[in-house]
Amino acid sequence: MLVTLKEILPEARRKKRAVGAFNVANYEAALGVIKAAEREKLPAIIQIFQRLFLSEKGSDLAGTLLRMANRCTQPIVVHLDHGGSLEIVCASLAAGCSSAMFDGSMLAFEKNVELTKRAADYSHMLGASCEGEIGHVAMGDENAITSVEEAVGFYSSTGVDALAVSIGTVHGFYKSKPKIDVARCAEIAAALPDVPLVLHGGTGTPPEDLRSVIENGVSKINIATEFMDTFLKSTRRELDALDGKFLPIDKFMDPVIDDCAAHAARLMRFFAGK
Ligand code: 13P
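What you are looking at is a predicted structure, and each value in this text was computed from that prediction instead of being measured.

Caption draft 1: Representation of the packing of aromatic side chains in the model. Scanning the entire structure with this criterion turns up 2 aromatic pairs. With a centroid separation of 5.3 Å and 50 degrees between ring planes, the pair formed by phenylalanine 22 and phenylalanine 227 is classed as tilted. Of this pair, phenylalanine 22 sits in strand S1 (residues 19-24) while phenylalanine 227 sits in helix H9 (residues 225-242), and the two are 205 residues apart along the sequence. Given the relative accessible area of 1%, phenylalanine 227 is considered buried. In this structure, arginine 51 is placed above the aromatic ring of phenylalanine 49, and the distance from its NZ or CZ to the ring centre is 4.4 Å. Stacked on the ring of phenylalanine 270, the Lys or Arg arginine 211 has its end atom at 4.2 Å from the ring centre.

The structure is reproduced here in structure tokens:
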């Protein structure tokens, strides 16, 4: 069933669990997540990259995901990832997403607060949920670690349902072992005891660090790069195995869907402490 972050993350935070949030750009990867949720009997978040909403791809994909979420027996959130403008947030909600992230983490604090609050108010008016980010999780080295003061100030001024914080992860594969600031995560969680924290840049983050941050307030973990990598490697393997023979495309994709489901299920189990 289609739900918002509000229906799954506060409970996850109370129980010291996290829900996996997987970025998808096509039906097959999304079906992998849905199959994993059914198999594990766990909720899941399916995220759409904001750039897809710059063309018809975003709303086309959202329509498909809504149908899949509604037929799933487990709670599924269809969420906009890293919305870079209020227009994109509106477009994603108009396309039926049950949740949207506004990412103003590169803006000055006041501007980030102002725009995130507008995104949160608009999402709530439509019955959707909203995620904001304070501090900045980068692609490379120029991370801005979130301070406790800005986390508290940002949360109380915006009313977001989930708060993405920067505690040492980066987006994409790591070039060296990351240093995750679990102590900072714990301090933010103690100052905001009921607020679900979000970890971006889940790919390749050592399991022991993931476990520690889940114990300390993180209840949504974003996984994009490694999940897409599974999709691509699996597709290449199947293509190589074809060796020039013909297979109907839906049958060709079945093992890829299975690999995506296995990947998502493994992480969902781990995040849920199973
Ligand atoms: P990774 O690509 O590092 O998994 O990051 C995903 C993410 O944070 C999406 O918002």
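Caption draft 2: Highlighting the environment of glycine 201. Here glycine 201 shows up in the loop between strand S7 (197-199) and helix H8 (207-215). The buried category is assigned to glycine 201, whose relative accessible area is 6%. When the C-alpha positions of glycine 201 and valine 137 are compared, they lie 7.4 Å apart, and in sequence the two are 64 residues distant. Non-local contacts of glycine 201, meaning those with residues more than four positions away in its chain, are made with Thr169, Val170, His171, Tyr174 and Asn222.

Caption draft 3: Geometry of the side chain of serine 92. In this structure, serine 92 sits in helix H4 (residues 86-94). Within the structure, serine 92 has its side chain in polar contact with the backbone oxygen of valine 89 (distance 2.8 Å). Not counting residues up to four positions away in its chain, the partners in contact with serine 92 are Phe53, Leu80, Cys97 and Ala100.

Caption draft 4: How the structure looks around the site of the ligand. Around the ligand sit 14 residues, and of these Asp81, Gly172, Gly201, Thr203 and Thr225 come closest. One of the side-chain nitrogen or oxygen atoms of asparagine 222 is found 3.1 Å away from an oxygen atom of the ligand. Between an oxygen atom of the ligand and a side-chain N or O atom of threonine 225, the distance comes to 2.5 Å. Expressed as a share of its isolated accessible area of 310 Å², the protein-covered part of the ligand is 97%. Tallied by class, the residues present in the shell around the ligand amount to 3 nonpolar, 10 polar and 1 charged.

Caption draft 5: Examining the sheet that holds strand S3 (residues 76-83) more closely. The 8 strands are arranged S1-S2-S3-S4-S5-S6-S7-S8 in a closed barrel whose pairing can be described as parallel. Ignoring strand direction, the axes of neighbouring strands in this sheet form an average angle of 30 degrees. For S1 and strand S2 (residues 44-49), the ladder comprises 4 bridges, and the chain directions are parallel. Of the residues in S2, the one forming a bridge with valine 24 is isoleucine 48. The sheet contacts of H4 involve S3 and strand S4 (99-102), and relative to S4 the element is tilted by about 170 degrees.

Caption draft 6: Highlighting the pairing of S3. Within S3, 8 of the 8 residues are buried, which leaves the element mostly enclosed by the surrounding structure. Where S2 meets S3, 6 bridges bridge the pair, whose relative direction is parallel. Bridge pairing links isoleucine 45 to valine 77 in S3. In the sheet, S3 pairs with S4 via 3 bridges, with the strands oriented parallel. The residue bridging histidine 79 from the neighbouring strand is serine 99, located in S4. Taken together, S3, H4 and S4 constitute a β-α-β crossover, and its handedness is right-handed.

Caption draft 7: Geometry of H9. For H9, which comprises 18 residues, the first-to-last C-alpha distance of 26 Å matches the rise-based estimate of 26 Å (1.5 Å per residue) to within 8%. Among the residues of H9, those classed as buried are Glu226, Phe227, Thr230, Phe231, Ser234, Thr235, Glu238 and Leu242.

Caption draft 8: Highlighting the pairing of strand S5 (residues 129-134). The buried count for S5 comes to 6 of 6 residues, which makes it a mostly enclosed element. The side-chain alternation of S5 yields two buried faces, one formed by Ser129, Glu131 and Glu133 and the other by Cys130, Gly132 and Ile134. A crossover links S4 with its parallel partner S5, the connecting element being helix H5 (residues 109-125), and its sense is right-handed.

Thresholds, definitions, all that
- Residues numbered from 1 in each chain as written.
- Predicted model: local features only at pLDDT ≥ 70, side-chain atom pairs only at ≥ 80, totals over all residues.
- Heavy atoms only, no water.
- Phe/Tyr/Trp six-rings, centres within 6.5 Å; stacked < 30°, edge-to-face > 60°.
- Helix = DSSP H or I, 4+ residues; strand = E, 2+ residues; numbered from the N terminus.
- Buried < 20%, exposed > 50% of the residue type's maximum accessible area, 1.4 Å probe, protein only.
- Lys NZ or Arg CZ within 6 Å of the ring centre and 35° of its normal.
- Contact = heavy atoms within 4.5 Å.
- Polar contact = N/O pair within 3.5 Å; in protein donor to acceptor, adjacent residues only side chain to side chain.
- Near = heavy atom within 4 Å.
- Areas by Shrake-Rupley, 256 points an atom, 1.4 Å probe, with all protein chains shown as cover.
- Nonpolar A, V, L, I, M, F, W, Y, C, P; charged D, E, K, R; others polar.
- Pairing = 2+ DSSP bridges.
- Axes fitted to C-alpha atoms, helices over the stretch in contact; angles between N-to-C directions.
- Right-handed = clockwise from strand over helix to strand, strands pointing away.
- Expected span 1.5 Å × (residues − 1).

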